[in-house]
Each structure stands twice: as structure tokens, then as C-alpha cells.
Amino acid sequence: MINVTIATNNFRFLYKINEILVNIRNIKTDHILPNEQIPDKTKLIITTEIEKKYFENKIVFVPKAFNLYYLYSNIILLVKNKETFEEVIVGIDPGKTTGFAVVVDEKMVLATSEFFTAVDVVKETIAVFFNVETIKFEVKIGDGGGTIRKEIVSRLKEIFHEKGNIQIVSEHRTSKTNTYQKKLEYSKNINSAILIAFRNK
């Protein structure tokens, strides 16, 4: 659990940040005004450019954008004292309902979702690419899904060209019950997408 304190007098800013972070189970947020005491368990302070002067010698994050991938990935990197991830893998389980998972540095599930069109899957992949700092970016797509898979692959290759490595991997046994599904109660499609992200071939 990452304890984050949003320190601001700007309640519009507070609302925007909270609206995104409230859905991340690995983050617990508090709110204080800049002149108030920082909660003991705080690992990171999110504040505005104007108000950051109140928090010298603290780990401070001044967001430049308001979306899940940008906020969550930067929180993790700052807490770990890193500038970038070594690797980001997008796992895609194509089908009528497509499972989508983002795994960073081969171990942490950054985000998950489900989509019903190839276009939405591609849009989400682009959002990850442009909002998460990484040295290496990969997309792994399960070999099922028929025409949906073909459309996703075609659109991604047209957009990314040489900017990202796009692989088709086996879906064998990805639908079986496993520790991710038991522990975090992911749906079957998301669970499969996570396992696809971890697949080597």
C-alpha cells in the first residue's frame, strides 16, 4: 500500500486527483492543507506548482496531466526513486470481451480493463505508451480471438511501426484458475491478459 497525501488549497485539483486515485487499490489517499501536519505514513505528497514550496526535503509530485497511467506510474517511480521503468508489457486477451493488462518490470500489474472493440483496445495501448516512462515497451497478444485479434494487430502495427515490439503468444492454459484470479478477483478475460503479458512465446 502506498500512502499518498494530496496537499492543496485547490479543491478542483483535489477532486481531479482523487477521482482517479480512488479506483487504485494499492493507493490510500489523505488530504491536508499546505500548512497542516503531514500524516506519518505518507510516502509521497501530491501538490500544485504554486504550493510545492511548502514541502522542501519531501518526495513531491506535481502532476502535469490527469490520467490513471500517468499518475499511478509516476507515483510508483517516485516512491522507488526511479526515473523510468525497465520494461512495460501490455497483455491483450482478444475476443468478444477483450482482457487488457499492463505489467511493469515483469512483476507488477499497473492497470487492467476490458474492452468490446478493437479500436478501444488500440486507444488504450496508445495511452499506456505515451503516459508511462519506460526503456522497453512491448505488446503481447493472445493467439485466439479470430478477426478481433487480426484487427488489433493490424491497427497496432500500423501505428507503432518500430516503436514497440508486438508479439503473438500462445493462450494455452491462460484461462485456468491461478493466483492472480484468486488473490485479486480479476475477471477471466483480465486474468488471461495478465498471464499473456508474462508469456515468453
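Residues numbered from 1 in each chain as written. Predicted model: local features only at pLDDT ≥ 70, side-chain atom pairs only at ≥ 80, totals over all residues. Heavy atoms only, no water.

1. Some thoughts on helix H1 (residues 11-21)
Residues of H1 that are buried include every one of Phe13, Leu14, Ile17, Ile20 and Leu21, and no others. Viewed end-on, H1 has its buried residues packed into an arc of 140 degrees, placing them on one side of the element. Those residues of H1 that are exposed and aimed more than 90 degrees away from the buried face are Phe11, Arg12 and Tyr15. On its buried face, H1 sits against strand E1 (2-7), strand E2 (27-32), strand E3 (44-46) and helix H2 (68-79). Measuring from the backbone nitrogen of arginine 12 back to the side-chain oxygen at the start of H1 gives 3.1 Å, which picks out asparagine 10 as the cap. (Buried < 20%, exposed > 50% of the residue type's maximum accessible area, 1.4 Å probe, protein only. Helix = DSSP H or I, 4+ residues; strand = E, 2+ residues; numbered from the N terminus. Arc of directions from axis to C-beta. Contact = heavy atoms within 4.5 Å. Polar contact = N/O pair within 3.5 Å; in protein donor to acceptor, adjacent residues only side chain to side chain.)

2. Focus on the sheet that holds strand E5 (residues 85-93)
The mixed open sheet is built from 5 strands, whose spatial order is E7-E6-E5-E8-E9. With partners counted over all chains shown, the strands left at the sheet margins are strand E7 (108-115) and strand E9 (165-169), one partner each. Sheet twist, expressed as the average angle between the axes of neighbouring strands with direction ignored, equals 20 degrees. Direction of pairing for strand E8 (residues 134-142) relative to E9: parallel, over a ladder of 5 bridges. In the sheet register, lysine 140 faces E9, and the bridge partner there is glutamine 167. Its contacts with the sheet put H2 on E5, strand E6 (98-104) and E7, and the angle it makes with E7 is roughly 170 degrees. Sheet strands in contact with helix H3 (residues 118-131) are E5, E6, E7 and E8, and its direction is about 10 degrees off that of E6. (Pairing = 2+ DSSP bridges. Axes fitted to C-alpha atoms, helices over the stretch in contact; angles between N-to-C directions.)

3. Thoughts on the nonpolar core
Ranked by internal contacts, the top residues of the largest apolar core, which has 44 residues, are Ile46, Ile75, Ile92, Phe100, Val128 and Leu156. Discounting residues that sit within four places of it in the chain, leucine 156 has contacts with Ile92, Val122, Thr125, Val139, Ile141, His161 and Ile166. Counting 9 residues, the second largest nonpolar core, distinct from the first, contains Ile89, Val109, Ile190 and Ala193. (Core = buried A, V, L, I, M, F, W, Y, C linked by side-chain atoms within 4.5 Å.)

4. Details of the environment of phenylalanine 61
For phenylalanine 61, the location among the structural elements is in strand E4 (residues 60-61). Overall, phenylalanine 61 belongs to the buried group, its relative accessible area being 5%. The spacing of phenylalanine 61 and serine 192 is 131 residues in sequence and 33 Å in space, taken between C-alpha atoms. Sequence-distant contacts of phenylalanine 61, defined by excluding residues within four places in its chain, comprise Leu44, Ile45, Ile46, Thr47, Tyr70, Leu71, Asn74, Ile75 and Leu78.

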